[in-house]
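One-letter residues, chain by chain:
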Amino acid sequence: MAERGLEPSPAAVAALPPEVRAQLAELELELSEGDITQKGYEKKRSKLLSPYSPQTQETDSTGQKDRNQTPAPTPTQTSAPSKYHRTRSGGARDERYRSDIHTEAVQAALAKHKEQKMALPMPTKRRSTFVQSPADACTPPDTSSASEDEGSLRRQAALSAALQQSLQNAESWINRSVQGSSTSSSASSTLSHGEVKGTSGSLADVFANTRIENVSAPPDVTATTSSSSSLRPVNIDLPPSGIVKGMHKGSNRSSLMDTADGVPVSSRVSTKIQQLLSTLKRPKRPPLKEFFVDDSEEIVEVPQPDPNQPKPEGRQMMPVKGEPLGVICNWPPALESALQRWGSTQAKCPCLTGLDMSGKPVYTLTYGKLWSRSLKLAYTLLNKLGTKNEPVLKPGDRVALVYPNNDPVMFMVAFYGCLLAEVIPVPIEVPLTRKDAGGQQIGFLLGSCGIALALTSEICLKGLPKTQNGEIVQFKGWPRLKWVVTDSKYLSKPPKDWQPHISPAGTEPAYIEYKTSKEGSVMGVTVSRLAMLSHCQALSQACNYSEGEAVVNVLDFKKDAGLWHGMFANVMNKMHTISVPYSVMKTCPLSWVQRVHAHKAKVALVKCRDLHWAMMAHRDQRDVSLSSLRMLIVTDGANPWSVSSCDAFLSLFQSHGLKPEAICPCATSAEAMTVAIRRPGVPGAPLPGRAILSMNGLSYGVIRVNTEDKNSALTVQDVGHVMPGGMMCIVKPDGPPQLCKTDEIGEICVSSRTGGMTYFGLAGVTKNTFEVIPVASSGSPVGDVPFIRSGLLGFVGPGSLVFVVGKMDGLLMVSGRRHNADDIVATGLAVESIKTVYRGRHTGLLAVPQTCQARPYLRTFPLSVPSARNPLPPDLRVAHVLTSFRIAVFSVSVFYDERIVVVAEQRPDASEEDSFQWMSRVLQAIDSIHQVGVYCLALVPANTLPKTPLGGIHISQTKQLFLEGSLHPCNILMCPHTCVTNLPKPRQKQPGVGPASVMVGNLVAGKRIAQAAGRDLGQIEENDLVRKHQFLAEILQWRAQATPDHVLFMLLNAKGTTVCTASCLQLHKRAERIASVLGDKGHLNAGDNVVLLYPPGIELIAAFYGCLYAGCVPVTVRPPHAQNLTATLPTVRMIVDVSKAACILTTQTLMRLLKSREAAAAVDVKTWPTIIDTDDLPRKRLPQLYKPPTPEMLAYLDFSVSTTGMLTGVKMSHSAVNALCRAIKLQCELYSSRQIAICLDPYCGLGFALWCLCSVYSGHQSVLIPPLELENNLFLWLATVNQYKIRDTFCSYSVMELCTKGLGNQVEVLKTRGINLSCIRTCVVVAEERPRITLQQSFSKLFKDIGLSPRAVSTTFGSRVNVAICLQGTSGPDPTTVYVDLKSLRHDRVRLVERGAPQSLLLSESGKILPGVKVVIVNPETKGPVGDSHLGEIWVNSPHTASGYYTIYDSETLQADHFNTRLSFGDAAQTLWARTGYLGFVRRTELTAATGERHDALYVVGALDETLELRGLRYHPIDIETSVSRVHRSIAECAVFTWTNLLVVVVELCGSEQEALDLVPLVTNVVLEEHYLIVGVVVVVDPGVIPINSRGEKQRMHLRDSFLADQLDPIYVAYNM
């Protein structure tokens, strides 16, 4: 703040309301931890303090006064770099290079880097995916190549001093540049972040630094291996091989809390007062705004303006006027009048000649024929299409003109017929297929124009795509059209007394010309009859047209200059046009030169490509003369080869009579029509001068004479003067139309009667384009004459010459600097592209985007066949030898800035190595020459990019395919580390207690501590006799005597039939036999550990109680998978070894499997302990059942593999088992008459307790459904619930997901089967993770139609130290939900927000806390309690907490740390707590608990061990995975982990393999946008590769190990640079 001088005094702070002080303290903490920028902090703080404290206001008054006296910023000042992210994406200029040395510049840039092969991590493809060529294996980078701090990959900044020279106006530097002056100024070439581009800052240096060192390089993960099975290993717990640990991996626990949030509550405050205080202190949600404000300024590292960047210094320009429009006495009042005159008086004069496919004249249309046919068509349109009372067309209606590019005669007749009929023609391209690129947008234009009629020729109509019935197909997005054939034989001759109505030209519309915007939308530019006539007059005056002249037109005659010169001006001046269509040029590229020679043409209308084609085919015919040409109008100067094309053509054809002064470049646009054109020169007069400009200056929109090395210079030539009768000004491309200074680049605006009138039907856009009033720097309008924005960027030089340097649509604005797509295309083509980039399928070329505006460039090409060192422009099309390089360049908006994407077509014979090397060198060249990084470089198969009608690349369609993941590249290279320089600074955690924490401590004194508890077990009375038994074995014996025939368990198979049941007596007797066998065969003693290896079923339960009867300690273990022994058997072996088991109880089938040859390949089968099968047991019972001496004795061991790959076993005592069963019984109201269904794995955690323990304790009947059976019968679980009318059922997330995905479209089948779920009271998901709300909601909504109550579905929460902490149960309030801010969670804080807020995360309560359980939220570093709604580690105290970890060494220190921990302060009772290792928070709700008090909800955020520490922030993998899963329909599953500080994302592809590379940019984009992280590696694998354990949890660490050991068999591995 100004700047900290306005700090309120401590007394003033003390006088503030408590909530304001709390918010101030929170702000201080956010600033100290880097959670908010200084600017955001000051902004929020001043907003907080403004309404309060008069002292503060008085203190601030002086500074406020000073600030108020600061003059208002000018518009120039307001367009500061902070607005970079809000400016028009297309509106500016980029750095350009001098065209005649561009190839040399690229080679020079690449020569700076060593020619040796770069140590880049080459992407890895599966060999079967793309058959073009095999991919070589390559070692991924180590830490030296990929630091997670984005700063390590930024270019090194090096400040360079620049010569400053004051320039007063444009004349001084333009004249000096013409004279070859080398003393003018140049600005330093800098990046937007103040980083100056030097040699050391090039991309290649970054690459050079990524070379792999010999220091512990990671294993090769790129070699291809064959996978034994692509199926997901279902229900497999996989710890890391060779690693055995008995406890959680030690995590670097960072500060999770506001330091002083654990201030103990004052004991002197009464309960009611404390409750009131807690209510007042309860965190208030931010108010729900009508619109959420984008807080990018507080997140993004805003690039600071470079102090050395050039700034405009000239005076403000004034509008420039063209010569006055001449007054001609016999000028016709309308274009139709001119046609009538020539058609009546000069009927035999030729008007238009069309050529056949060989380039020979095939038909000449005379003025008489044109007039008579147009009359017939006009009469037919108005009188013969409908009835007299209901005509189909009436004057003012709009019709589509659909004619091919090789039929100018039919088009001309149709166009003038429409004008005579006073209907408005809309010329469009012929649709070739139903899904033409951009066809839908054309259809939108037709629909918005209300077009129902299309005129075409008979030949064209036959060529249109048809349905099977012979009808023309309905093109996508098009309105229904009636097609009218305009061939003469179908037209009616008008009566002699019928004459068309030809009125003097006015502002009524004459025709509509379509224009495609940068975004791909098609707009119709409406041209009035007056503008059409005035434009013809201006062109005739500027080009000095005269009657009878021959004009050769190579352009598209349906739009732009081809229409204006070849269809309008020729009729106005009775000239003869020879039209050379594109199809003829492909087969005979010299045809237009031959036509000029044959017809002695005075004027030719061409593009640069036509000049090059003629040069390439020149050897075929040398006896041509161009001496008749007085004007060679070059209409497409807006690419980097315009000037070089002109110069090369002149040098070759000057010997054939071509005069230097005949070359006339012009600038045009659809809105302003002809903007400027160079007049034909006087023979012998000097040619206009050219300006050599600094690319660096141009990138900032400033004109400076270049004095740097030639690689950074741009030579431009003029496009002549303003059109006659017109006026021109240059305005700033962004913001209000403020006039530019004389040395500033801006958008060219023209004011005349010759421009367009409106965008049809788009009033708002029309006003911003066609009705622009320029303003001065003060903001006052300059005159009242409206101007038209041309979409061209340029400036007005000395002598009022107009210079065009780019187009609004072709510019890419990156970090405040402007770059041109055509320039980047040129750089890519100069990098040995012949080997790699596809150049077209035909002998004729298919090119990059068609360009129509003039921006001449000087680049001299030697007249030779193109080579790697001499590439040709992308827009050139030469027969036989040359075909086109197809490269598209566009920008996409990612993370508050534009990012450059380059897409090229790859030659079919290009190898992977060649392609990758070319891509790498392109990145180097663009970085060196343009000083900008390429975000994504993709190669697609040849001839697959969408095309425009004349064969160019449809840029907007290509961009759309890229963004939606439908481009299907065959190679891709992403460089987010290089490009993304606006990431927030990494969070710096403050050591110790800072002033912010002290302030928070003062404010939260008296705040309620975050703790919660279930009902008190001691106060609950039970009448059940089971209370007198302390041990589960005793309870089973008691039940066998009291209710011997009561069935406790029912086991179902996949068909839903009961396979096995167990009554109390049957279970007791079978347990006795097993206990007897343990003594006889196993020779076991009390306390020995016994591994139980059984499939889910009653046999497992009997073996468990048999062990208890024998005094042994059971250890339940999941049996190995017979088809996947190598992956599953080592886990079994590890548990057997770690638990020091003396014996294994199992079935005969599994015993044979353990000793099989296949098992011997995975483990040492000779060292198994004693294996006993329990299939055939002797009828023998133990003389005496074992009774433990104390309840604290060990009852069983619970082993589980965590999601981080850690195998942990916990010890459960008899007293803990008893307390656990009692808590579940009370929470779920389980009694002997109740029946529950369990579809869980019974090997660990709460699943084991529900399967094996609870029924014996509570006496209820459990219907057991093994989850594996659901794979054979998806209906099994729900059908069982319906059949037995189960009220309470338990499942896992994997079961719920299986039903949701598998039965999603089978709800009607469920109804027909009579399945009704209205009986369900509670459907509980057993989990040890954050509740998956999306899955639960999908499940509830899906089965709502068959009676499932949305309130029924809930979740549990448990951990290794305590398997059951929360369980919803049958009573109490429904689970509550809250929305929290994701950004705050990453900073280890909780901030509640409203639904719909950006970056919000929905969290659900994890069920109700069980009876006897107490929970407190603790700062894991200070071990002090935290306040309500603050994040911390969940600690638990309950009688059923595990006794400790069972480890090989039985380390008591580990046990004490996790199971017997005390709070550092605030707990007078010195309670012993167990640390769950999970982050969460407690929040007091408005609901009432069963005790009558307010309900405390526990929200689980995630496991500490799983979190990823990146950029100083804490990320939960599930949040990133959720974002990734929704970006593409073909992503079945995904998982993330870190590797050498890189974020690795593994995605399972469920679509075709050609979609694999589409996922790479989508995944990178979404993680960057939503989580501010750069993805280092993207791995695309087959479905089922990501390992998931029995609880449905991803085992990310095992996936990481498999990735590093090269065991994934990936489809594709992309290393983002």
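Nothing here was measured: the structure is a model prediction, and the numbers come from that model.

(A) Examining the overall build of the protein more closely. When you go through the protein residue by residue, the secondary structure sums to 45 helices and 59 strands. Counting only residues that meet the buried cut, the protein has 62% of its 1617 residues in that class. When contacts within the protein are restricted to residue pairs at least 6 apart in sequence, those whose partners lie at least 24 apart make up 79%.

(B) Inspection of the pattern of salt bridges at higher detail. What the rule picks out here adds up to 47 salt bridges. Here Glu-905 makes a salt bridge to Arg-886, at a shortest N to O gap of 2.7 Å. Here Glu-905, found in strand 28 (residues 898-906), pairs with Arg-886, found in the loop between helix 24 (821-829) and strand 27 (887-893); they are 19 residues apart in sequence, far enough to count as distant. Among the residues examined, Arg-886 registers a relative accessible area of 0% and is labelled buried. Connected through salt bridges with shared partners, the residues Glu-1506, Glu-1521, Glu-1533, Lys-1594 and Arg-1596 form a single ionic network.

(C) Geometry of the packing of aromatic side chains. Using the criterion set out here, one finds 28 aromatic pairs in the structure. Arranged with centres 5.6 Å apart and planes meeting at 65°, the rings of Phe-415 and Tyr-511 form a pair that is edge-to-face. Placement of the pair is Phe-415 in helix 13 (residues 408-421) and Tyr-511 in strand 9 (residues 509-516), with a sequence separation of 96 residues. No difference in accessibility class separates Phe-415 from Tyr-511, as the two residues are buried. Considering the side-chain rings of Phe-415 and Phe-568, the 5.4 Å spacing of their centres and the 45° angle between planes classify their relative orientation as tilted. Of this pair, Phe-415 sits in helix 13 while Phe-568 sits in helix 17 (residues 560-572), and the two are 153 residues apart along the sequence. Overall, Phe-415 belongs to the buried group, its relative accessible area being 1%. Judged by its relative accessible area of 2%, Phe-568 falls in the buried class. Feature note: the residues Tyr-403, Phe-411, Phe-415, Tyr-416, Tyr-511, Phe-557 and Phe-568 constitute an aromatic cluster, connected by ring pairs. Of note, Arg-1313 hangs over the ring of Phe-1275, and the distance from its end group to the ring centre comes to 3.9 Å.

The rules we used
- Residues numbered from 1 in each chain as written.
- Predicted model: local features only at pLDDT ≥ 70, side-chain atom pairs only at ≥ 80, totals over all residues.
- Heavy atoms only, no water.
- Helix = DSSP H or I, 4+ residues; strand = E, 2+ residues; numbered from the N terminus.
- Buried < 20%, exposed > 50% of the residue type's maximum accessible area, 1.4 Å probe, protein only.
- Contact = heavy atoms within 4.5 Å.
- Salt bridge = Lys/Arg side-chain N within 4 Å of Asp/Glu carboxyl O.
- Phe/Tyr/Trp six-rings, centres within 6.5 Å; stacked < 30°, edge-to-face > 60°.
- Lys NZ or Arg CZ within 6 Å of the ring centre and 35° of its normal.

In short, the description is geometric, and any link to function would need to be established separately.
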